[in-house]
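Chain and residue survey
In case you want the letters, here they are:
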Amino acid sequence: MKVLANDGISKSGEKKLTDAGFEVIIKKVSQEQLKDFINKNHINVLLVRSATKVRKDLIDNCPSLKMIGRGGVGMDNIDVEYAREKGLKVFNTPAASSSSVAELVFAHLFGGVRQLYHSNRNMPLEGESRFKELKKSYAGGTELRGKTLGIIGFGRIGREVAKIALGIGMKVIASDDHVGEAEIALEFYNHQSIKIPIKTEPVSELIKHADYISLHVPAQEKPIIGASQIEKMKDGVGIINTARGGVLDENALLEAIEAEKVSFAALDVFENEPSPAIRLLMNESISLSPHIGAATSEAQERIGVELADRIIEYAGK
Ligand code: NAD
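What counts and how
- Residues numbered from 1 in each chain as written.
- Predicted model: local features only at pLDDT ≥ 70, side-chain atom pairs only at ≥ 80, totals over all residues.
- Heavy atoms only, no water.
- Buried < 20%, exposed > 50% of the residue type's maximum accessible area, 1.4 Å probe, protein only.
- Helix = DSSP H or I, 4+ residues; strand = E, 2+ residues; numbered from the N terminus.
- Arc of directions from axis to C-beta.
- Contact = heavy atoms within 4.5 Å.
- Salt bridge = Lys/Arg side-chain N within 4 Å of Asp/Glu carboxyl O.
- Domains from an automatic or database assignment.
- Buried area = accessible area lost by both parts, 1.4 Å probe.
- Polar contact = N/O pair within 3.5 Å; in protein donor to acceptor, adjacent residues only side chain to side chain.
- Nonpolar A, V, L, I, M, F, W, Y, C, P; charged D, E, K, R; others polar.
- Near = heavy atom within 4 Å.
- Areas by Shrake-Rupley, 256 points an atom, 1.4 Å probe, with all protein chains shown as cover.

So, about helix H2 (residues 34-41). Looking only at H2, the buried set comprises Leu34, Phe37 and Ile38. The buried residues of H2 occupy an angular sector of 95° when projected down its axis, which confines them to one face. Among the exposed residues of H2, those oriented more than 90 degrees off its buried face are Asp36 and Lys40. Looking at the packing, one finds that the buried side of H2 touches strand S1 (2-5), strand S2 (23-26), strand S3 (45-48) and helix H3 (56-61). His42 lies just past H2 and shows a positive phi near 50°.

This part takes up the pattern of salt bridges. Overall, the coordinates contain 13 salt bridges when judged by the stated rule. The closest approach of N and O atoms between Lys15 and Asp19, which form a salt bridge, is 2.7 Å. Of this pair, Lys15 and Asp19 both sit in helix H1 (residues 11-19), separated by 4 residues, roughly a single helical turn. The exposure classification of Lys15 matches that of Asp19, with both residues exposed.

By domain assignment, the chain separates into domain 1 (2-94 + 297-315) and domain 2 (98-288). Look at where the C-alpha atoms of domain 1 and domain 2 centre, and you get two points 34 Å apart. Each partner contributes residues to the interface: domain 1 has 5 residues there, and domain 2 has 5 residues. Summed over both sides, the interface of domain 1 with domain 2 buries roughly 350 Å², with 31% coming from carbon and sulfur. For the pair domain 1 and domain 2, the interface holds 1 residue pair in polar contact (both at pLDDT 80 or more). Tallied by class, residues from the side of domain 1 that touches domain 2 come to 2 nonpolar, 1 polar and 2 charged.

Within the structure, the ligand sits among 23 residues, and Arg156, Ile157, Asp176, Val217 and Asp268 are positioned closest to it. With respect to the ligand, the side chain of Asp176 contributes an N or O atom lying 2.6 Å from an oxygen atom. Gln220 places a side-chain nitrogen or oxygen 3.1 Å from a nitrogen atom of the ligand. Bound to the protein, the ligand loses 85% of the 870 Å² it would expose on its own. Residue classes in the shell around the ligand are distributed as 10 nonpolar, 8 polar and 5 charged.

Here it is in structure tokens:
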């Protein structure tokens, strides 16, 4: 069987497939040329990440295709139901990057409470000439230990976030419209582990009690956090969105930062990707990253291996 990894695959994923007898082509074929390439090379398995689109037209016109694998979580770039109706196996790797996203949340959160996002902008400009003034202006940091983290969306990533939070001594509260209670298993390097059950509560309660709020829900029709929710939050709250643009109302966030209701925010995802609003990018109270939550080498390795395992399983090898 032939596999085209159009948006790449990790070395270990590739090895697993070749060891199992698959031919793996790692090549970025442009969207326009993809149909011809698949037909000419009799590709049976198409692997993509978020860049390559797999729409009805491609599915209809590539009879050799038997499987479509998406390395990562969302499958918005694939006509999943249509492909399944046509008998294709369509799969993704939902769990492979959860801990990477959770670590990014804490990269932003630790940076947030010490204003690193801000001092990183100013130290190159003024660190030499105004060191003492900068030292004074960034001196009002706080610790995360003992504070309350509100996690909205208590699925795979939300629970990984909870593990780190509990590990550093934070109180964790959570909301989820399906999960009532989840047992968080903290595993330590020496194989000791403890389990901590956490009951979820409505978003309307969580927002009143959290010092920091981190969003981990899928894409929504309308924002979960808008002006009316922010109004009910604690003064000086920090908000982190690594879920999807649109889950958090960006205008409401900017207004709340302006009014000093929100002390800092962190955004890895944006309403208008890949061209985020410039007023977000220029805002000095926002810690920014360009949608890199899942982009660690460990996650990429796990994604590749998980894709290979599924292909081998479905091919009955
Ligand atoms: P998941 O499906 O495991 O968990 C999502 C949880 O949200 C579910 O438990 C669901 O019941 C809950 N939920 C859905 N709608 C809700 C609502 N309105 N109110 C409360 N809870 C609600 O998903 P996951 O793997 O944890 O991923 C979470 C999010 O992270 C997704 O949006 C995903 O796209 C995003 N993500 C971002 C990156 C990144 O690079 N930043 C990487 C991977 C995933």
